Structure formats: C-alpha cells, structure tokens
Amino acid sequence: MTPTMKKYCFLFLILLICASSQAQNSFLDYRMAIKAYNQITYEEQLENYAGSDTSTTRETYRSLRTIQPGIAFQWKSGRNNFHEIEIGNLSLRNRRTQTEIVQNQSGSSEVVGGQDMREASFALRYEFILNFNTKKEGKLVPSLGFGAGTYYFSNKREPHVASSFPVTDKLYGVQLFLTPRVSYYFSPNWFLDVNIPLCLSQFETYVFEVKNPAFTPTQQKNTDNTFTGFPKIFSGRIGIGLKI
C-alpha cells in the first residue's frame, strides 16, 4: 500500500468514526431509568348461559379503571433498545360489614349477618422495547414493545354467623401484549412515555373455595381455566421517566 493510499484510508477511517459517532441519538445515551405510570383500562366480557331451547341468557361485564399507578425499571440492551419491568396494581385492603337487630327498648342487639373481607392484588409486566429513531438526533422516539404480564387477585371472606361459611376467591392471569409507544425527551434527564398496550391473548385461572364441612375437600374447591384470544381490553398508559 502506497503512502497516498494509506493517507486516504486513514482519512476514510476518521470520517467513518465521526459519522458513526454523529449517527447516534444522544437522547438515548443512558443505561437505566425509572418510570412512574398511570394506566386507564376499559374491559368488556360476555358470558352466555343456556336457558332453554329457544333462548340464551347473556351476562355482560364492563369495567373502566381510571387510576392504575405503576412503577417501572428500564435498562438498555444492545443497539439502543431497552428492557423494562413494571410492578403495578398493588393493593391490600381489609373491610368489615355487620348486620345487627337492635331492640329499641332494651338496646340489646343480635348479629345476624356480616363478614370480614381481606382483598389483595398484584401485577408484574416485562417488556422488550424496540426503538426506531436510534440513528437520527431527535427528542421524539417511536418504539414498539413486546411484553408479557401476570396478575393475581384474592378475596377472602370470613362470615360473622355460624350459618355461613368462609369463602375464598383467587384469580391468576397471564397476558401477552404488543405495545406501540412514543417517548418525548423534554430535558437531558426527564422524558414522557405514552403507549397503548394491545392485549393479544389472556389466560386466567379462577379458584373458588368454600369451607363447608358438609362437602368433601374436592367439593369445597372449584377451578376454572379460561383462554381468550384478542380479549376486549383497551388500555392507554402515560408515564414520566428519570434517567439514572
């Protein structure tokens, strides 16, 4: 190789390094971040029950949850993409209801109904975030998330009267998501994340247990498994992130 060719190769290498260094979005130049989310979710479920030869009973369940906070931790993978784990739907609540018959003259009372209730819920989500605007400088970064989440809910009821029996409801679920996302980096350390989780499939296990001594242990517990493709679950989520 002649000195002239070596000179041109050296210049080409310098230009290549400069070009590659400039072809990175500096707003994605961080290793980790934490996020605070809120999610709004609308859900609709239809249940059909055979009534007779000429009619069917249909039950519709609809819910709108407007406050669903969550905390997420994000870390970088290769090629300016990210992994993310979120913990949400944390709840632990104790409630008590009691029904009494009170004698007006004597003031004495008798408990005829009521129960102690203990509710708990938990959700965990993992997502791989594929960023698209990694080579061009820009505050607005579109991305696509591929995620899976699991959730748990339980409700334990202890009656106040002997004629009723303790009952426990438990729900376990797994969901798969495809999530279009847009992040806006409005400062060197802070950014906004808006995304729409699209639920592709859902698998749920519902466990109902009643502590009735007249039943065998097998009869006391009932388990139902349900799989739904593209369930009617529509969500929107907004979060604020801090680079760390």
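Read on for an overview of the structure. (Residues numbered from 1 in each chain as written. Predicted model: local features only at pLDDT ≥ 70, side-chain atom pairs only at ≥ 80, totals over all residues. Heavy atoms only, no water.)

Glancing now at the side chain of Ser-201. Summarising the element assignment, Ser-201 is placed in strand β9 (residues 198-210). With relative accessibility at 13%, the residue Ser-201 sits in the buried group. Apart from the residues within four sequence positions on either side, Ser-201 is in contact with Val-174, Gln-175, Leu-176, Phe-227, Thr-228, Gly-229, Phe-230 and Pro-231. (Helix = DSSP H or I, 4+ residues; strand = E, 2+ residues; numbered from the N terminus. Buried < 20%, exposed > 50% of the residue type's maximum accessible area, 1.4 Å probe, protein only. Contact = heavy atoms within 4.5 Å.)

Attention now goes to unusual backbone geometry. A positive phi is found at Arg-79, a non-glycine position, where the angle reads about 60°. Summarising the element assignment, Arg-79 is placed in the loop between β3 (69-76) and β4 (82-102). The phi torsion at Phe-230 lies on the positive side, around 50°, for a residue other than glycine. As for its placement among the helices and strands, Phe-230 is situated in the loop between β10 (221-229) and β11 (232-243). Overall, Phe-230 belongs to the exposed group, its relative accessible area being 66%.

Counting nine residues, the largest nonpolar core is built from Phe-27, Leu-28, Tyr-30, Ala-33, Phe-82, Ile-129, Val-141, Tyr-185 and Phe-191. For Phe-82, the contacting residues outside a window of four places in its chain are Leu-28, Tyr-30, Gln-74, Trp-75, Lys-76, Ser-77, Glu-127, Phe-128, Ile-129 and Asn-131. (Core = buried A, V, L, I, M, F, W, Y, C linked by side-chain atoms within 4.5 Å.)

The topology assignment puts Val-210 in strand β9. Among the residues examined, Val-210 registers a relative accessible area of 13% and is labelled buried. When residues no more than four places from it in sequence are discounted, the contact partners of Val-210 are Phe-165, Pro-166, Val-167, Phe-215 and Gln-220.

Our focus in this paragraph is the pattern of salt bridges. Taken as a whole and assessed by the stated rule, the structure comprises 18 salt bridges. The salt bridge partner of Arg-95 is Glu-119, with a shortest N-O separation of 3.0 Å. Of this pair, Arg-95 sits in strand β4 while Glu-119 sits in strand β5 (residues 109-131), placing them 24 residues apart in sequence. On the basis of relative accessible area, Arg-95 is assigned to the partly exposed category, the value being 35%. A salt bridge links Arg-125 to Glu-127, with the nearest nitrogen and oxygen atoms 2.3 Å apart. The same class applies to Arg-125 and to Glu-127, which are both buried. (Salt bridge = Lys/Arg side-chain N within 4 Å of Asp/Glu carboxyl O.)

Next up on the list: the side chain of Gln-68. As for its placement among the helices and strands, Gln-68 is situated in the loop between β2 (56-65) and β3. Within polar-contact distance, the side chain of Gln-68 engages the side chain of Thr-41 at 2.8 Å. If we ignore the near neighbours within four places in the chain, the residues touching Gln-68 are Tyr-37, Asn-38, Gln-39, Ile-40 and Thr-41. (Polar contact = N/O pair within 3.5 Å; in protein donor to acceptor, adjacent residues only side chain to side chain.)

Together, Arg-118, Lys-156, Lys-170 and Lys-221 give the surface a local cluster of positive charge. Looking at the element boundaries, Lys-170 is found in strand β7 (residues 167-184). (Patch = residues over 30% accessible without salt bridge, like charges linked within 9 Å, V, L, I, M, F, W, Y side chains within 5 Å. Areas by Shrake-Rupley, 256 points an atom, 1.4 Å probe, with all protein chains shown as cover. Lys, Arg positive; Asp, Glu negative; His and termini not counted. Charge placed at Lys NZ, Arg CZ, Asp CG, Glu CD.)

Before going further, it helps to spend a moment on the pairing of β7. Both strand β6 (residues 140-159) and β7 contribute to a ladder of 18 bridges, which runs antiparallel. Considered in β7, the bridge of Pro-142 is made with Val-182. Pairing of β7 with β9 involves 12 bridges; the strand directions are antiparallel. Paired with Val-167 across the bridge in β9 is Val-210. Sheet topology places β7 next to strand β8 (residues 190-195); four bridges connect them, and they run antiparallel. In the strand pairing of β8, Ser-183 is matched with Asp-193. Counting the residues that bridge the hairpin from β7 to β8 gives five residues. (Pairing = 2+ DSSP bridges.)

The next thing to look at is the packing of aromatic side chains. This model, assessed by the stated rule, comprises eight aromatic pairs. Ring centres of Tyr-30 and Tyr-185 lie 6.2 Å apart, and the angle between their planes is 55°; this geometry places the pair in the tilted category. Taken together, the positions of Tyr-30 in the loop between α1 (3-22) and β1 (32-50) and Tyr-185 in the loop between β7 and β8 put the pair 155 residues apart, joining distant regions of the chain. Classification of Tyr-30 as buried rests on a relative accessible area of 5%. Judged by its relative accessible area of 2%, Tyr-185 is buried. What links up through ring pairs into an aromatic cluster is the set Phe-27, Tyr-30, Phe-82, Tyr-185 and Phe-191. Over the aromatic face of Tyr-30 sits the side chain of Lys-76, whose NZ or CZ is 5.9 Å from the ring centroid. (Phe/Tyr/Trp six-rings, centres within 6.5 Å; stacked < 30°, edge-to-face > 60°. Lys NZ or Arg CZ within 6 Å of the ring centre and 35° of its normal.)

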